[in-house]
Amino acid sequence: MSVSVHLGDNKYGKAEVRVVRVVRDTARHEITDLNVTSQLRGAALESSYLTGDNSKVVATDTQKNVVYAFASEHGITSPEEFLLLLGDHFTGEFDWITGGLWQAELYEWERIVVDGAGHDHSFVRKGRATRLATVQKTGGATHVTAGLKDLTVLKSTGSEFHGFPRDRYTTLVETDDRILATSVTARWRYLPDAVAAGIDFNGAYNAIGAAMLSAFATTHSLALQQSLYEMGRAAIEACDGVAEIRFAMPNKHHFLSDLSPFGLKNPNEVFHAADRPYGLIEGTVVRDGVTPAPEAWTDVPSSV
């Protein structure tokens, strides 16, 4: 018996092109380290899936080469601007490429300090978080999202959790003083007008990151959900160009260790850090009055 099928949504490209750009026009070098993924879309590409016709397939190796060539020709001022260049190139050079998804992770380096000063050409990886950027071209529009992942934060007090419903399966003890820890993945969407006006992506990233950290630290949290909302509010207040911000925040549980078998008290000082299972809190904070753009998030990773 024959079965009727059709080709659904599709895209293709080169994943995780690691490009390191060193600016060495003086003795004091600058370094930018990106991991870039380029994926293309277009109705003309369907024939490659359906019949093996590659006449419209821009080779993934070509996409990789463009990343390296553009790093040389244009430099990398910010991951967002670099991805915008790539998107404009592929949709402009090949008229049958009508859209695509370009993503980047930025690995940050800082100078090694020698005799109290940063060395000219020796670096050590910064470990706070990985910066994220995405450019989405679809339906004739360009959307820019940015973000970070693996931003691990902890507060040793100023967090409570109580008042939740209880049934015969509930064993969790309510608390008015607990450790709150999470690894933040956050992605925010820039308003198209802000992108067109030439927003300072690097400055915005730094301001948003600082605002989120401040909100986490200063919010007396009754739930991780509340911390998420306040961090999102602070991020949007910190940058007029942000339309919305999405979070995925696993609750890194710290359970009070029972030291009574050893004849010891434990006044909230010794904890067991459990890596799984964990609560996973996700949510979006949206600036009032902005136009929704669900297509900006198509195929963009959202979770931990």
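Relevant structure appears above.
For clarity, every value in this text was computed on a predicted model and none was experimentally measured. (Residues numbered from 1 in each chain as written. Predicted model: local features only at pLDDT ≥ 70, side-chain atom pairs only at ≥ 80, totals over all residues. Heavy atoms only, no water.)

Draft legend 1. Here's a closer look at a nonpolar patch on the surface. A contiguous nonpolar patch, built from Ile 112, Val 114 and Val 124 and spanning about 200 Å² of accessible area, is present on the exposed surface. By the secondary structure assignment, Ile 112 is in strand E4 (residues 109-114). (Patch = residues over 30% accessible without salt bridge, like charges linked within 9 Å, V, L, I, M, F, W, Y side chains within 5 Å. Areas by Shrake-Rupley, 256 points an atom, 1.4 Å probe, with all protein chains shown as cover. Salt bridge = Lys/Arg side-chain N within 4 Å of Asp/Glu carboxyl O. Helix = DSSP H or I, 4+ residues; strand = E, 2+ residues; numbered from the N terminus.)

Draft legend 2. Representation of the layout of surface pockets. In this model, the largest pocket occupies a volume close to 570 Å³. In terms of lining, the largest pocket is formed by 21 residues, of which the most central are Leu 172, Val 173, Thr 175, Arg 178 and Phe 255. With 3 residues, the single largest contributor to the lining of the largest pocket is strand E10 (residues 254-256). Here the lining of the largest pocket is built from residues that sort into 10 nonpolar, 8 polar and 3 charged. (1 Å grid on protein atoms, 1.4 Å probe; cavity = no way out; pocket = protein on both sides within 12 Å on 5 of 7 lines; lining within 4 Å. Points joined across faces, edges and corners; volume = space filled by probe spheres on them. Nonpolar A, V, L, I, M, F, W, Y, C, P; charged D, E, K, R; others polar.)

Draft legend 3. Examining the pairing of strand E1 (residues 12-23) more closely. Two elements, E1 and strand E2 (residues 30-41), share 10 bridges in a ladder whose sense is antiparallel. By the bridge assignment for E2, Val 23 is matched with Glu 30. Hairpin connection of E1 to E2: 6 residues between the antiparallel strands. (Pairing = 2+ DSSP bridges.)

Draft legend 4. Layout of the side chain of Glu 160. With respect to the secondary-structure elements, Glu 160 resides in the loop between strand E7 (141-155) and strand E8 (180-190). The side chain of Glu 160 is buried and forms no salt bridge, while Arg 178, the nearest opposite charge, is found at 8.8 Å. Here the side chain of Glu 160 touches His 162 through a polar contact of 2.7 Å, side chain to side chain. A distance of 2.7 Å separates polar atoms of two side chains, one belonging to Glu 160 and the other to His 220. Among all residues touching Glu 160, those that are not within four sequence positions of it are Thr 175, Asp 176, Asp 177, Arg 178, His 220, Ser 221, Leu 222 and Ala 223. (Buried < 20%, exposed > 50% of the residue type's maximum accessible area, 1.4 Å probe, protein only. Lys, Arg positive; Asp, Glu negative; His and termini not counted. Polar contact = N/O pair within 3.5 Å; in protein donor to acceptor, adjacent residues only side chain to side chain. Contact = heavy atoms within 4.5 Å.)

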